Amino acid sequence: MQTQVIVMGAKGRMGSTISKLAMEDSQLDLVGVVEREDNLDGLDSLSCKVDSDLSRILDSFPGAVVIDFTVPEASMETVEKCSSAGAAAVIGTTGFTAEQSQKLESLAASTRLFWAPNMSVGINVLIQILPELLKSLGEKYDLEIMEIHHKFKKDAPSGTAVKLAQILAETKGLDIDRHGVYARHGIIGERQKDEVGVQTLRGGDVVGEHTFYFLGPGERVEVTHRAHSRETFAQGALRAARWLAEQKPGKLYSMADIFA
């Protein structure tokens, strides 16, 4: 049975990629796309419902899974509309505030919701193995994270870097809000033992690159993940949509739940 999907921001970098791959996937049925009222031209070629209002498409397809890689405010509106209609939502947006994240957790109790700051399989494998690597290396190894994205990305650091920094800080018994260091400039003194460095680079058309540095006495270990195409994230989102269609509300699902 095909999973019905609706794509938000269908003319965006991620939305257009997701729409294209959804049409090519025999397990999916692209039933609708959403864009701004002044940006709908050309979407008729997708042979599905086209609208500027998600609610109108959900009236026809209340059982669909909505995929949203837009901006926090728009994504929160998407989730609320899905909650009202009984639909499901896969969210790949980053940059949520603490309050917005709490709202997602709350709505997940009664709505099928999936959120991941990075949908790639490789990154989500690293989420599982990097804490073990850090534990094995021990306390003498300093942790630094560097991420690079294209010049159009609006949030910094990336959601992936923030998520991994939080997980690895917790592995070291640290609070990322207290020990995260996001910029260094001037005479700042020696690096403190409990710092977790997270540095951001922006430029060009880089899809996404994250390097994790474990710097110890006499050596360092570097682990790098490079995304070569947005299709990496789009395929992960479509995999999540197929999976979420079979789930029940109760928690805010993530890639870890799919792997489990």
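Whatever comes next refers back to the structure up there.
Report on the accompanying structure. Residue numbers here run from 1 along each chain, matching the order of that chain's written sequence. Two thresholds apply to this predicted model, a pLDDT of at least 70 for residue-level local features and 80 or more for giving and counting side-chain atom pairs, whereas whole-chain, interface and lining totals are computed over all residues. As a rule here, side-chain values cover all heavy atoms of the structure and leave hydrogens and water aside.

### Observations concerning the sheet that holds strand β2 (residues 28–34)
Under the convention used in this document: Each pair of strands is called paired provided DSSP finds at least two bridges between the two strands. Each helix is a run of H or I in the DSSP string that is no shorter than four residues. Each strand is a run of E no shorter than two, and both are numbered from the N terminus. Contacts are residue-level and defined by heavy atoms, with any inter-residue pair within 4.5 Å sufficient. Inter-axis angles, ranging from 0 to 180 degrees, are taken between N-to-C directions of lines fitted to C-alpha atoms, where helices are fitted over the stretch in contact.
The seven strands are arranged β3-β2-β1-β4-β5-β6-β12 in an open sheet whose pairing can be described as parallel. Of all strands in the sheet, those bounded by a partner on one side alone are β3 (49–51) and β12 (252–253). As paired elements, strand β5 (residues 88–91) and strand β6 (residues 113–115) share three bridges and run parallel to each other. Looking at the pairing, Val-90 lines up with Phe-114 of β6. Here helix α8 (residues 231–244) sits on the sheet and contacts β1 (3–8), β2, β4 (65–68), β5, β6 and β12; the angle it forms with β5, its principal contact strand, is near 155°.

### Some remarks on the nonpolar core
This is how the line gets drawn: The term nonpolar core refers to a set of buried residues drawn from Ala, Val, Leu, Ile, Met, Phe, Trp, Tyr and Cys, joined through side-chain atoms within 4.5 Å. When accessible area is computed with a 1.4 Å probe and restricted to protein chains, residues below 20% of their type maximum are described as buried, those above 50% as exposed, and intermediate ones as partly exposed.
Grouped together as the largest cluster of nonpolar side chains are 34 residues, with contacts concentrated most on Ile-18, Val-33, Ile-67, Val-90, Phe-114, Met-119 and Leu-244. Counting residues per element, this core draws most heavily on α8, which supplies eight residues. Leave out the neighbours within four places in its chain, and Phe-114 touches Ala-89, Val-90, Ile-91, Met-119, Ala-240, Trp-243, Leu-244, Leu-252, Tyr-253, Ser-254, Met-255 and Ile-258. Counting residues in each nonpolar core, the second largest holds 21 residues, with Cys-82, Phe-96, Leu-107 and Leu-113 among its members.

### Brief notes about a nonpolar patch on the surface
Worth spelling out the cut-off: Patches here are clusters of residues that have more than 30% relative accessible area and form no salt bridge, with a 9 Å joining cutoff for like charges and a 5 Å cutoff for nonpolar side chains (Val, Leu, Ile, Met, Phe, Trp, Tyr). The method behind every accessible area is Shrake-Rupley, applied with a 1.4 Å probe, and residues are considered shielded solely by the protein chains displayed. By salt bridge we mean one thing: a side-chain nitrogen of Lys or Arg within 4 Å of a carboxyl oxygen of Asp or Glu.
Together, Val-121, Val-125 and Ile-129 make up an exposed nonpolar region whose accessible area comes to about 220 Å². Here Val-121 shows up in helix α5 (residues 121–137). Exposure remark for Val-121: the relative accessible area of 39% places this residue in the partly exposed category.

### Focus: the pairing of strand β11 (residues 219–227)
In this sheet, β11 lies alongside strand β10 (residues 208–216) in antiparallel orientation, the contact comprising nine bridges. When the sheet's bridge partners are listed, Phe-214 is paired in β11 with Val-221. If you look at the hairpin formed by β10 and β11, you'll find two residues sitting between the two strands, and Gly-218 has a positive phi there, around 80°.

### What to know about the environment of Gly-203
Within the secondary structure, Gly-203 sits in the loop between β9 (196–202) and β10. Gly-203 sits 51 residues away from Phe-152 along the chain, and the two C-alpha atoms are 8.0 Å apart. With residues near it in sequence (within four places) discarded, Gly-203 still touches His-149, His-150 and Lys-151.

### A few points about the packing of aromatic side chains
Where we set the bar: Each aromatic pair joins two rings of Phe, Tyr and Trp (for Trp, the six-membered one) with centres within 6.5 Å, and gets the label stacked for planes under 30 degrees apart, edge-to-face for over 60, and tilted for any other angle.
One pass over the full model with this rule turns up three aromatic pairs. Summarising the aromatic geometry, the rings of Phe-96 and Trp-115 are spaced 6.2 Å apart at their centres and angled 70° between planes, so their arrangement reads as edge-to-face. You can see Phe-96 sitting in the loop between β5 and α4 (98–107) and its partner Trp-115 sitting in strand β6, a full 19 residues away along the chain. Taking the relative accessible area as the measure of exposure, Phe-96 reaches 15% and is therefore buried. Residue Trp-115 is classed as partly exposed on the basis of its relative accessible area, which comes to 22%. Taking the centre distance of 6.4 Å and the plane angle of 70° together, the rings of Phe-114 and Trp-243 count as edge-to-face. Here Phe-114, found in strand β6, pairs with Trp-243, found in helix α8; they are 129 residues apart in sequence, far enough to count as distant. By the ring-pair criterion, three or more aromatic residues cluster together here, those being Phe-114, Trp-243 and Tyr-253.

### Structural notes on unusual backbone geometry
Residue Pro-157 follows Ala-156 across a cis peptide bond; omega there is -10°. On the secondary structure map, Pro-157 appears in the loop between β7 (142–149) and α6 (159–171). Look at Ser-47: it is not a glycine, yet its phi comes out positive at around 55°. By the secondary structure assignment, Ser-47 is in the loop between β2 and β3.

### A look at the sheet that holds β9
If you walk across this open sheet you meet the five strands as β8-β9-β7-β10-β11, and the pairing is mixed. Bordering the open sheet on either side are β8 (180–181) and β11, each of which pairs with just one other strand. Looking at chain direction, β8 and β9 are connected through two bridges and run parallel. When the sheet's bridge partners are listed, Val-181 is paired in β9 with Gly-197. Lying on the sheet, α5 is in contact with β10 and β11; it crosses β11 at an angle near 175°. The sheet strands contacting α6 are β7, β9 and β10, and the helix crosses β7 at an angle near 170°.

### Some details on the side chain of Asn-124
For clarity, the threshold we go by: Under this definition, polar contacts are N or O atom pairs within 3.5 Å; protein pairs additionally need one hydrogen-donor-capable and one acceptor-capable atom, and for neighbouring residues in sequence, both atoms have to be side-chain atoms.
Assignment of secondary structure puts Asn-124 in helix α5. Among the residues examined, Asn-124 registers a relative accessible area of 7% and is labelled buried. There is a polar contact of 2.9 Å between the side chain of Asn-124 and the backbone oxygen of Asn-118. Engagement of the side chain of Asn-124 in a polar contact is seen with the backbone oxygen of Ser-120, the distance being 2.7 Å. Contact partners of Asn-124, with chain neighbours within four places excluded, come to Asn-118, Met-119, Met-255 and Phe-259.

By themselves, these figures tell us nothing about what the structure is for.
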